[in-house]
Amino acid sequence: MNIDFGLVQVFTGDGKGKTTAALGEVLRSVAIGKKVGIVFFDKGGTHYSERKILDKLGIFYLATGRDRIDPTDGRFDFSIQDIDMEEAAKGLKEAKRLFEEQFDLVVLDEINSTTSLGMLLENDVLSLIDSKPEKTELVLTGRNAPESFIKKAHLVTEMQLVKHYFYSGVKAREGLDY
């Protein structure tokens, strides 16, 4: 087993903090000069605050998916459309490119939920994991990680929801939730 970079990590569960934990790994890796890339699956739109600092730090990322937040009423669109599958495939192709270019850390944000919702085929993601270069650290985030991803991983953290202010009527807050 590689003791530097090269493991597979999964952050999953219903609790808040999966993307935040992955971004912590990104910051640590960039701080020591590692080449880092992120693919945001199913996170289209421009309202994600973390991208502002990623831009300032020069960290490569690609956001795929459509903006699911309705600009008039702020409601989230949970439907799955053909465009969602096309966007997810675009993200998978980009992940392969990051592997080919020997990135030290690759984060596939929301790939677990994108797969569990049927926008990607589980076997396609497993093939991607198997094609990971030996020294590339791979982080997979999102709810409902398939059991096969968990079996492949060297580290699995499940964020457990105990209580969330959203359920008492507090809307998502810029700079804290997005």
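Residues numbered from 1 in each chain as written. Predicted model: local features only at pLDDT ≥ 70, side-chain atom pairs only at ≥ 80, totals over all residues. Heavy atoms only, no water.

Here we take up the environment of Val-10. Looking at the element boundaries, Val-10 is found in strand β1 (residues 8–12). Owing to a relative accessible area of 0%, Val-10 belongs among the buried residues under this scheme. Sequence separation between Val-10 and Leu-108 is 98 residues, and the spatial gap between their C-alpha atoms is 9.8 Å. Apart from the residues lying within four places of it in its own chain, the contact partners of Val-10 are Asn-112, Leu-140, Ala-145, Phe-149, Ala-153, Leu-155, Val-156 and Thr-157. (Helix = DSSP H or I, 4+ residues; strand = E, 2+ residues; numbered from the N terminus. Buried < 20%, exposed > 50% of the residue type's maximum accessible area, 1.4 Å probe, protein only. Contact = heavy atoms within 4.5 Å.)

Within the open sheet, the six strands sit side by side as β3-β2-β4-β5-β1-β6. Their pairing is parallel. Every interior strand has two partners, whereas the edge strands, β3 (60–63) and β6 (155–158), have only one. In this sheet, neighbouring strand axes are inclined to one another by 10° on average, regardless of whether the strands run parallel or antiparallel. When strand β2 (residues 36–40) meets strand β4 (residues 105–109), the two strands line up parallel, connected through five bridges. (Pairing = 2+ DSSP bridges. Axes fitted to C-alpha atoms, helices over the stretch in contact; angles between N-to-C directions.)

This part takes up the environment of Arg-66. Inspection of the secondary structure assignment puts Arg-66 in the loop between β3 and α3 (82–100). The sequence separation of Arg-66 and Asp-109 amounts to 43 residues, and the corresponding C-alpha distance is 15 Å. A polar contact of 2.8 Å, which involves the side chain of Arg-66, links it to the side chain of Asp-77. Separated by 2.8 Å, the side chain of Arg-66 and the backbone oxygen of Ser-79 make a polar contact. (Polar contact = N/O pair within 3.5 Å; in protein donor to acceptor, adjacent residues only side chain to side chain.)

Take the nonpolar core next. Ranked by internal contacts, the top residues of the largest apolar core, which has 24 residues, are Leu-108, Ile-111, Ile-129, Leu-138 and Leu-140. Secondary-structure elements contributing two or more residues to this core are β1, α3, β4, α5 (122–130) and β5 (137–141). For this core, the leading source of residues is α3, giving five residues. With sequence-adjacent residues up to four places away left out, Ile-129 is seen in contact with Val-8, Leu-138, Leu-140, Phe-149 and Lys-152. Residues Phe-40, Ile-59, Leu-105 and Val-107 belong to the second largest nonpolar core, which totals 13 residues. (Core = buried A, V, L, I, M, F, W, Y, C linked by side-chain atoms within 4.5 Å.)

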